[in-house]
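Letter by letter, the chains look like this.
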Amino acid sequence: MVSLSVNLNKIALIRNSRGGNTPDVLTAARAAESFGANGITLHPRPDQRHATYKDVENLKQIIKTELNVEGYPSREFMDIVCNVKPHQVTLVPDPPDALTSNAGWNTIEHGAMLTEIVAELKSHGIRTSIFMDTDLSLYESAASTGTDRIELYTEAYARLYPESPEKAVQPYKDAAARAHALGLGVNAGHDLNSLNLRYFATEVPYLMEVSIGHALVSEALYLGLEKTIHLYLAQLK
Ligand code: PXP
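One structure accompanies this document, and this report is about it. (Residues numbered from 1 in each chain as written. Predicted model: local features only at pLDDT ≥ 70, side-chain atom pairs only at ≥ 80, totals over all residues. Heavy atoms only, no water.)

Turning our attention to the site of the ligand. Around the ligand, a shell composed of 16 residues is seen, among which Ser101, Glu151, Asp191, Gly213 and His214 lie nearest. At 3.5 Å from an oxygen atom of the ligand is found a side-chain nitrogen or oxygen belonging to Asn7. Taking His214, its main chain carries an N or O atom lying 2.9 Å from an oxygen atom of the ligand. In isolation the ligand exposes 400 Å². Once the protein is present, 94% of that is buried. Looking at the shell around the ligand residue by residue, the classes come out as 3 nonpolar, 9 polar and 4 charged. (Near = heavy atom within 4 Å. Polar contact = N/O pair within 3.5 Å; in protein donor to acceptor, adjacent residues only side chain to side chain. Areas by Shrake-Rupley, 256 points an atom, 1.4 Å probe, with all protein chains shown as cover. Nonpolar A, V, L, I, M, F, W, Y, C, P; charged D, E, K, R; others polar.)

Written out as structure tokens, the structure is:
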């Protein structure tokens, strides 16, 4: 079964809009785990406008499943994750002011830097994943960085899915097969939701983990977190 890692950035965003600690990211993480989530994801941005570096530290103390921390590998980010040692770090090439992640790595242009960063993370016992588009010409150099996994950037899939599911998923099937052939594990995320997830998880081979935040937390406003997590887990069976 594909693992579901619940991204709690939106919980942190609501909390930050008022100051104080409501809703509490740690309570949400404990609840998500108790409802069956296989992991928790946080993506602290450099301005810490939603998840903060303190959230990352605090979550690591209480997590019973797996903590996945996403972000651009600035020196500050690297010092924090190498100290906290989450189970997995997903490297994302987003600039500091990006609203959300909007591209995968160019692993040819940034290969040397990624190789160094991956080696540093692995020296701390942290599993690594790098965020990737489906451009197959970048996959060999992705594998050369030494990363354990890639995370497929699924925004393009989500956008095209309502119009043409087959067309939307094909590049991801090819990319996952290529990644697997190169010895890489395959994660996926961005804009996955309760309507498009089942088809993606059924069609894309070798999928190990999806990380989902925006749609899942939004749906939890109507259904509650427990029912929503069960709904997403059911799509992954
Ligand atoms: N993966 C990465 C690298 C992301 O930046 C995000 C958004 O923080 C996600 C997955 C999850 O995307 P969504 O919030 O659309 O589910």
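This next bit is on the packing of helix α4 (residues 75–84) against helix α5 (residues 111–123). Viewed as axis vectors pointing N to C, α4 and α5 meet at an angle of 20 degrees, and their least axial separation amounts to 10 Å. When the axes of α4 and α5 are compared, the pair comes out roughly parallel. Where α4 crosses over α5, the handedness of that crossing is right-handed. Mapping the contact onto sequence places Arg75, Met78, Val81 and Cys82 in α4 and Ile117, Glu120 and Leu121 in α5. (Axes fitted to C-alpha atoms, helices over the stretch in contact; angles between N-to-C directions. Helix = DSSP H or I, 4+ residues; strand = E, 2+ residues; numbered from the N terminus. Parallel < 35°, antiparallel > 145°, perpendicular 65-115°, else oblique. Left-handed = near helix turned anticlockwise from the far one by under 90°. Contact = heavy atoms within 4.5 Å.)

Tracing the chain through its elements places Ile229 in helix α11 (residues 225–236). With 10 residues separating them along the chain, Ile229 and Glu219 place their C-alpha atoms 9.6 Å apart.

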